[in-house]
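Listed here are the chains, written in short residue letters.
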Amino acid sequence: MINLEWYRIFYHTAKAGNLTKAAQELFITQPSVSYAIKQMEEAFGVKLFHRQSKGVKLTVEGQALLDYVEPSFSLLDAGETKLNNLKRLAGGELRVGASDSLFKHMLLPHLDSFHAEYPDIRIRLSHGKTPDIVHRLKEGQIDLGIVHMPIADPQIEVTAFSVIQDCFVAGGGYKEMGELPLSAEMLGALPLLLLSQGSSTRRFVEQWFAAQGKTVEADIELGSIDLLVEFARRGFGVAFVTRSFVQEELENGSLIELKPVEPIAPRSVGIAIRRDMPLSLAASQFLTTLKNAFPG
């Protein structure tokens, strides 16, 4: 392989048509330019330039080489520009995975501010349950994920950044029950509106009932917190949701909270990344944004 610097000298000489002018552009001496051209011609076994009284002119072979060298240097320049843009966060992409409800109720304000500050970064969002997000992280499909803890996987590093409190909510038809402490047996006898199987929230509520000797089934099983809330508001049953996600409905009275005798333990939400995969500059900046917003 020919020295890359020789290709650079060849390129500038071809464009300038003059050894001295090429040397001035490259901030080297004219003999250095002559030496590089000579070494290239000897290595290729062909003449690259015709020497003329007022400069040099490409041979047919030299023009053929320039046809490849010129776009190659343009591509390198574009690569350098791309790297500089990435360094200044004027390009690149951010790939985040989370559930729909976490995107809406927890991440959206921070995605808004990040997008406003770095409008040239392309944001790619991927929704799913916590196990789905962990799988995508391990496959390298996303940069970071927002997950329910705990996560027991040696490939994944999780940093807790927020605590959520779950609760049982229902529409106005359950108002009288909202004034009484309810046992797990009583709650389990009501029509239950739960997230679909496989979600961390579904496992959590089933474990809460199981700890009190109660096995439950969902009357309505959905993949969206917003749909659970809507069905609960319309009186279809009791939904198990995160309290902060329905704070407005609880305050305006469209939903009421049912109080279990056995308290529901708070849960942690964390930021998950691959241990063995360095973050892009965009993802690293967004991670810093989240950690600053939720200092713990």
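A. Structural context of the pattern of salt bridges. Tallying each qualifying case throughout the model produces 16 salt bridges. A salt bridge links E206 to R202, with the nearest nitrogen and oxygen atoms 2.8 Å apart. Taken as a pair, E206 and R202 lie in helix 8 (residues 200-210) at a separation of four residues, close to a single helical turn. Its relative accessible area of 4% is what places R202 among the buried residues. Counted as one network, the salt bridges with shared partners bring together E41, K47 and R51.

B. Highlighting the sheet that holds strand 6 (residues 156-164). One open sheet accounts for five strands, arranged 4-3-5-13-6; its pairing is mixed. Because the sheet does not close on itself, it has two edges, and the strands there are strand 4 (122-127) and strand 6. If you compare each strand with its neighbour and ignore which way they point, the axes differ by 20 degrees on average. Bridge analysis of strand 6 against strand 13 (residues 267-274) gives eight bridges, and the strand direction is antiparallel. Its bridge partner lying in strand 13, A160 is registered against G270. Sheet strands in contact with helix 5 (residues 100-117) are strand 3 (93-98), strand 4, strand 5 (144-148), strand 6 and strand 13, and its direction is about 160 degrees off that of strand 3.

Conventions and cut-offs
Within every chain, residues take consecutive numbers counted from 1 along the sequence as written. With pLDDT at 70 or above as the cut-off, local features in this predicted model cover only qualifying residues; side-chain atom pairs require 80 or more to be listed or tallied, and sums for whole chains, interfaces and linings still use all residues. Excluded from the side-chain calculation are hydrogens and water; included are all heavy atoms of the structure. What counts as a salt bridge is simple: a side-chain nitrogen of Lys or Arg found within 4 Å of a carboxyl oxygen of Asp or Glu. Think of it this way: any DSSP run of H or I at least four residues long counts as a helix, any run of E at least two long counts as a strand, and we number them from the N terminus. We call a residue buried when its accessible area falls under 20% of the maximum for its residue type, exposed when it is over 50%, and partly exposed in between, using a 1.4 Å probe and counting protein chains only. Strand pairing requires that DSSP identify at least two bridges connecting the strands. The axes used here are C-alpha line fits, helices contributing only the stretch in contact, and every angle between their N-to-C directions lies in the interval 0 to 180 degrees. Contacts are assigned to residue pairs with any non-hydrogen atoms lying within 4.5 Å of each other.

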